Amino acid sequence: MKTKNIILLESIRDEKLKRDFCYSKHDKKILNKIFKQISDELSINVKYLCELYFLEIPGCGSIINQYIREFESETVKAYIVHHIVDDRIKDCERILLNLYYSYKKSSEYIGVSKCYSPFISVIYDNLFKQLKPKTIAHELIELGENPFDYFSLPLTMRMVASWKMYEMYELSVLYLSEDISYIDNFLAKNHNNDWRPTPHFIKRQITFTAIDNLKYFQSNDSYKILKKLSNNTDDDIRYLAKKFLIKWDNNHR
């Protein structure tokens, strides 16, 4: 039996036992509507949330789009949102962005530690990267102005930088500036003190993404920033800065 089938069978078992893929009674009712409509319109028998997560079901994106905003759980939305993207539903980039905005307002965002789920951000990050939605480039940059979103959506931030949007360059330079204490102030103001990851971890990952973004904006100012970071006390930051400096020097010989 293929690995994917084994994982699906184990997930169905866990969902039955309410150990994983959990949802409220309210969300169960909505799922049942989706299952019935998929059966009626696509003649495909689906009974579990984990099946919607793991399986490719061409044609069900429009069905998911009808109901996804009705779910209480942002996690449940994250499990099924890929169908909207897979089917390239009209304005799917805007739909995806609005769903991410909804997630940002929820208890499953970083604000309430016991509910925080990095899994949700990973899903949205991968889907933004998959879509390559240049029509919402400026909105994605605005997301990056929030340090936690710049941290949570590294693939997205790098993608926008690859489009050579100058606003992303300015944002990345800001995050690489010596004084980023305002990030601590932002996190302390907006989030519970008990959550993980730590502010130090977040700032470190932000630094990695920002360094990577500079490769799309080769200028004397970028070179100076990388040169300074090549003497950083953090081994990994120092290594990454030196790596780009070597490539830069080779390209300009």
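The rules behind the values
Residues numbered from 1 in each chain as written. Predicted model: local features only at pLDDT ≥ 70, side-chain atom pairs only at ≥ 80, totals over all residues. Heavy atoms only, no water. Core = buried A, V, L, I, M, F, W, Y, C linked by side-chain atoms within 4.5 Å. Buried < 20%, exposed > 50% of the residue type's maximum accessible area, 1.4 Å probe, protein only. Helix = DSSP H or I, 4+ residues; strand = E, 2+ residues; numbered from the N terminus. Contact = heavy atoms within 4.5 Å. Arc of directions from axis to C-beta. 1 Å grid on protein atoms, 1.4 Å probe; cavity = no way out; pocket = protein on both sides within 12 Å on 5 of 7 lines; lining within 4 Å. Points joined across faces, edges and corners; volume = space filled by probe spheres on them. Nonpolar A, V, L, I, M, F, W, Y, C, P; charged D, E, K, R; others polar. Salt bridge = Lys/Arg side-chain N within 4 Å of Asp/Glu carboxyl O. Patch = residues over 30% accessible without salt bridge, like charges linked within 9 Å, V, L, I, M, F, W, Y side chains within 5 Å. Areas by Shrake-Rupley, 256 points an atom, 1.4 Å probe, with all protein chains shown as cover. Lys, Arg positive; Asp, Glu negative; His and termini not counted. Charge placed at Lys NZ, Arg CZ, Asp CG, Glu CD. Phe/Tyr/Trp six-rings, centres within 6.5 Å; stacked < 30°, edge-to-face > 60°.

Caption draft 1: Highlighting the nonpolar core. Grouped together as the largest cluster of nonpolar side chains are 78 residues, with contacts concentrated most on Ile-34, Leu-52, Ile-80 and Met-168. It is helix H7 (residues 92-104) that provides the largest number of residues to this core, a total of seven residues. For Leu-52, the residues in contact, after removing those within four places along its chain, are Leu-31, Ile-34, Phe-35, Ile-38, Val-46, Ile-57, Ile-64, Tyr-79, Ile-80, His-82 and His-83.

Caption draft 2: Representation of helix H15 (residues 220-229) in the model. Of all the positions in H15, only Ser-222, Ile-225, Leu-226 and Leu-229 are classed as buried. Looking down the long axis of H15, one finds its buried residues gathered within 95° of arc, a one-sided arrangement. Away from its buried face by more than 90 degrees, H15 exposes Asn-220, Lys-224 and Lys-228. Elements in contact with the buried residues of H15: helix H12 (166-175), helix H14 (199-214) and helix H16 (235-251).

Caption draft 3: Summary view of the layout of surface pockets. Its boundaries defined by the atoms lining it, the second largest pocket holds a volume of some 190 Å³. Only helix H8 (118-131), helix H10 (147-152), helix H11 (154-162) and H14 provide two or more residues apiece to the lining of the second largest pocket. Residues belonging to the lining of the second largest pocket are distributed by class as follows: seven nonpolar, four polar and two charged.

Caption draft 4: Structural view of the pattern of salt bridges. The full count for this structure, using the stated rule, is 11 salt bridges. Across the pair Asp-40 and Lys-36 runs a salt bridge, and its minimum N-O distance is 2.7 Å. Taken together, the residues Asp-40 and Lys-36, both in helix H2 (residues 25-42) and four residues apart, mark about one turn of the helix. Given a relative accessible area of 51%, Asp-40 falls into the exposed group. Across the salt bridge formed by Asp-212 and Lys-215, the nearest N and O atoms sit 3.5 Å from each other. With relative accessibility at 33%, the residue Lys-215 sits in the partly exposed group.

Caption draft 5: Examining a positive patch on the surface more closely. Taken together, the side chains of Lys-18, Lys-25, Lys-29 and Lys-33 present a region of like positive charge at the surface. Its location among the elements puts Lys-18 in the loop between helix H1 (3-16) and H2. On the basis of relative accessible area, Lys-18 is assigned to the exposed category, the value being 69%.

Caption draft 6: Spotlight on helix H9 (residues 137-144). Taken across its eight residues, H9 has six buried, putting it largely inside the fold. Buried residues belonging to H9 abut H7, H8, H10, H11 and H12.

Caption draft 7: Highlighting the packing of aromatic side chains. All chains considered together, the criterion is met by 19 aromatic pairs. Between Tyr-169 and Phe-217, the aromatic rings sit 5.2 Å apart at their centres with planes inclined by 45°, giving tilted as the arrangement. In this pair, Tyr-169 sits in helix H12 while Phe-217 sits in the loop between H14 and H15, placing the two residues 48 residues apart along the sequence. Of the two residues, Tyr-169 and Phe-217, neither departs from the other in class, the shared state being buried.

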